[in-house]
Number of protein chains: 2
Amino acid sequence: MIPAGTKPGATPGFRPEERVLKIEDADDPRLLPYRNVREKDLVGRSQRFIAEGKVVLNVLLSSARFEAESILILENRLNGLERQLSLCPEDLPVYCVSRDIMDEIAGFHVHRGILAIGRRKAVPSAAELLSSLPDKALVAVLCGIFNHDNVGSIFRNAAAFEADCVLMDETCCDPLYRKAIRVSVGATLKVPYARQGSIDEIMAALADADVETLALSPSGTRSIYDTPPAPRLALLLGTEGEGLPKPLLEKLGTARIPMSYDFDSLNVATASGIALSRFSRFS
Amino acid sequence: MIPAGTKPGATPGFRPEERVLKIEDADDPRLLPYRNVREKDLVGRSQRFIAEGKVVLNVLLSSARFEAESILILENRLNGLERQLSLCPEDLPVYCVSRDIMDEIAGFHVHRGILAIGRRKAVPSAAELLSSLPDKALVAVLCGIFNHDNVGSIFRNAAAFEADCVLMDETCCDPLYRKAIRVSVGATLKVPYARQGSIDEIMAALADADVETLALSPSGTRSIYDTPPAPRLALLLGTEGEGLPKPLLEKLGTARIPMSYDFDSLNVATASGIALSRFSRFS
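Presented here is a report on the structure given in the accompanying data block. Predicted model, so just to flag it, every value in this text is computed and none were measured. Residues take numbers from 1 onward in each chain, read along the sequence in its written order. Chain letters and ligand numbers both follow the written order, the letters beginning at A and the numbers at 1. With pLDDT at 70 or above as the cut-off, local features in this predicted model cover only qualifying residues; side-chain atom pairs require 80 or more to be listed or tallied, and sums for whole chains, interfaces and linings still use all residues. Only hydrogens and water are set aside when side-chain values are computed; all heavy atoms of the structure are taken into account.

Let's shift gears to unusual backbone geometry. Negative phi characterises most residues that are not glycine, and trans characterises most peptide bonds. All names here are of chain B. Located in the positive-phi region is Asn36, a residue other than glycine, with phi close to 55 degrees. Only DSSP runs of H or I covering at least 4 residues are called helices, and only runs of E covering at least 2 are called strands; the numbering of each starts at the N terminus. Mapping Asn36 onto the fold places it in the loop between strand 1 (21-22) and strand 2 (48-52). You will see that Glu162, though not glycine, has its phi angle at about 50 degrees, which is positive. As for its placement among the helices and strands, Glu162 is situated in the loop between helix 6 (148-160) and strand 7 (165-168). A simple rule labels every residue: compare its accessible area, found with a 1.4 Å probe on the protein chains alone, to the largest value its type can have, and call it buried under 20%, exposed over 50%, or partly exposed in between. Assessed through its relative accessible area of 28%, Glu162 is described here as partly exposed.

Moving on, we get to the layout of surface pockets. With a probe scaled to a water molecule rolled over the atoms, the places where space remains empty come into view. Residues and elements named next belong to chain A. The volume enclosed by the second largest pocket comes to roughly 430 Å³. Lining residues are defined by having an atom within 4 Å of a point belonging to a cavity or pocket. Those points lie on a 1 Å grid over the protein atoms alone, cavities being sets where a 1.4 Å probe fits but cannot get out and pockets being open sets with protein on both sides within 12 Å along at least five of seven lines. The wall of the second largest pocket is formed by 22 residues, among which Leu216, Ser217, Pro218, Thr239 and Gly243 lie closest to the centre. When residues of the lining of the second largest pocket are traced back to their parent elements, those giving at least two are helix 9 (246-251) and helix 10 (268-279). With 3 residues, helix 9 is the single largest residue contributor to the lining of the second largest pocket. Grid points are joined across faces, edges and corners, and a volume is the space filled by probe spheres set on the points.

Okay, the pattern of salt bridges next. When a carboxyl oxygen of Asp or Glu is within 4 Å of a side-chain nitrogen of Lys or Arg, the pair counts as a salt bridge. Across all of its chains, the model carries 29 salt bridges over all chains by this definition. Residues Glu69(B) and Arg119(B) are paired through a salt bridge, measuring 3.4 Å at the closest nitrogen-oxygen approach. Taken together, the residues Glu69(B) in strand 3 (residues 66-74) and Arg119(B) in strand 5 (residues 114-120) connect sequence positions 50 residues apart. The structure contains a network of salt bridges with shared partners spanning Arg48(A), Glu67(A), Glu69(A) and Arg119(A).

Now for the relation of the copies chain A and chain B. Superposing the copies works by least squares over the C-alpha atoms of residues that have pLDDT at least 70 in both of them. With an RMSD of 0.0 Å, the operation that places chain A on chain B is a rotation of 180 degrees combined with a shift of 0.0 Å along the axis. On the angle and the small slide along the axis, the relation comes out as a two-fold axis. Same-surface contact between copies: 100% of interface residues of chain A are shared with the interface of chain B. The contact criterion used is simple: two residues touch if any of their non-hydrogen atoms lie within 4.5 Å.

Residues and elements named next belong to chain A. Where helix 6 (residues 148-160) contacts helix 10, the axes come no closer than 8 Å and their chain directions differ by 15 degrees. On the basis of their axis angle, the class for helix 6 and helix 10 is roughly parallel. The handedness of the crossing between helix 6 and helix 10 is right-handed. Mapping the contact onto sequence places Asn150, Ser153, Ile154, Asn157 and Ala158 in helix 6 and Val268, Ala269, Ser272, Gly273 and Leu276 in helix 10. To get an axis, a line is fitted to the C-alpha atoms, and for a helix only the part in contact is used. The angle between two axes follows their N-to-C directions and goes from 0 to 180 degrees. An angle below 35 degrees is read as roughly parallel, one above 145 as roughly antiparallel, one from 65 to 115 as roughly perpendicular, and any other as oblique. Helix crossings get a hand from a simple test, with the near helix turned counterclockwise from the far one by less than a right angle marking a left-handed crossing and a clockwise turn marking a right-handed one.

The next point concerns the interface of chain A and chain B. Between chain A and chain B, the residue contacts involve 30 residues of the former and 30 residues of the latter. Taken together, both faces of the contact between chain A and chain B bury some 2,500 Å²; the carbon and sulfur share is 60%. Two parts lose some accessible area (1.4 Å probe) when they are put together, and adding that loss for both gives the buried area. Counting the surface chain A buries against chain B, the share from its top three residues, Arg156(A), Tyr225(A) and Phe263(A), is 26%. Taken together, the links from chain A to chain B amount to 2 salt bridges. For this analysis, a polar contact is any N or O atom pair within 3.5 Å, provided that within protein one partner can donate a hydrogen and the other can accept it, and provided that sequence-adjacent residues contribute only side-chain to side-chain pairs. For the pair chain A and chain B, the number of links is 8 residue pairs in polar contact (both at pLDDT 80 or more).

Here it is as structure tokens:
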């Protein structure tokens, strides 16, 4: 018998308020990691990041590559998190605060009422990710994309079309930045990625791993719809303004999304969605 | 002979500083329409709006459906606008101010340094727009999309894939809102649209005009890639959370973008890009 009032998926009899530690002092040192998270880029060398909201928390708690260091929840959001809280490791601190304290600490109105500090456990290289690709694979390669919204959206698309991994050169922004995670709806914690080295080094790793490359460019020689998908394909995406570096484009097969010659090119995240959809195993 | 120093496209000998009126007092009543434009929604009944930046100004100045009422330019941005200014109607006021005055009046840092007050000249109905459709046509229909970024991005995609018009039900947000225009890169001034009435009224207008409809939905019965394009096709897009109303979906042909069953659906603007690309005459 499941006791009345227990939510589906939660351990019977589990009471969220018994799992959490209520903190009533905004200066409590345990809240320090959450202070001013709006502007702070936690990532750096520590590979720590801020996860926001229930959907992202679910991804974080079920991830093999990331782990939560602590969770901070608004007191009136505890109901509805029974399943998540009953599944947390016992030694994971879960704090609970009032609305005033949460907004004061975070430095902005946390309307989702759920924050967590996460940590990346391993930092694989592009070569390591490529070595485990299956025979049929789709990879997204990003060059110089430093807008957090665009990086977040591209990861969201990569997850939707089940790209096997995302490879980013060192000039891309960090996908663990708060806004990138949020825009990706947690996909930056889901799709394996590497962000290191130059685009030339990434191209060499792709060649070593026998992955065919296709650069998306408005000046591409073929339409993506007339380009047959290679079994193991890497799609290269550059910045909106500059695009991919010319010397690189000259060495690669290129394809374009066919569109009006009369209007500014597409947003790079939208372009990634169109191309990933075209070449995904679902299409 | 073109005098040395004249920019391409500008009338020879045209000097931008002679075309503009320098204003040095932030309280000058001629600047009143620009006051606090960050938060202000000018549109309402007046059909006025704020255009920002050179690209959007170009679209505004070349539009048949919109006109500029005045232009406000940062003094050090005059060079580089020779062509635009030489093409402005003589009776169009063009003001020029310092950085301090511009930011104070606008209420935010106008980093592009170019603002204009625009006005919609005519407000066509859905039926009027549909009556002028060619034999082969693509229409985007939006139901309940009230996020300015999404509406702006959808218009950008509609322009890129040369959709003939966009029809929005009355619960959609106004595409002339500042942020929607900016995100659309001016496309909301370019692609003809109507925003009025209920979705049922729009559906009736489409049926009257012999336009076939296809509703995009994650629960769609067919893949968009297995759905042949109708000569005159309207693509229906609903909100991300709720999607299109159930009673409507039951009456319509539906199609889905094939993707992972394991991940949250796509952003609605990205979905519009994928579907418009699939059904555009360029593909």
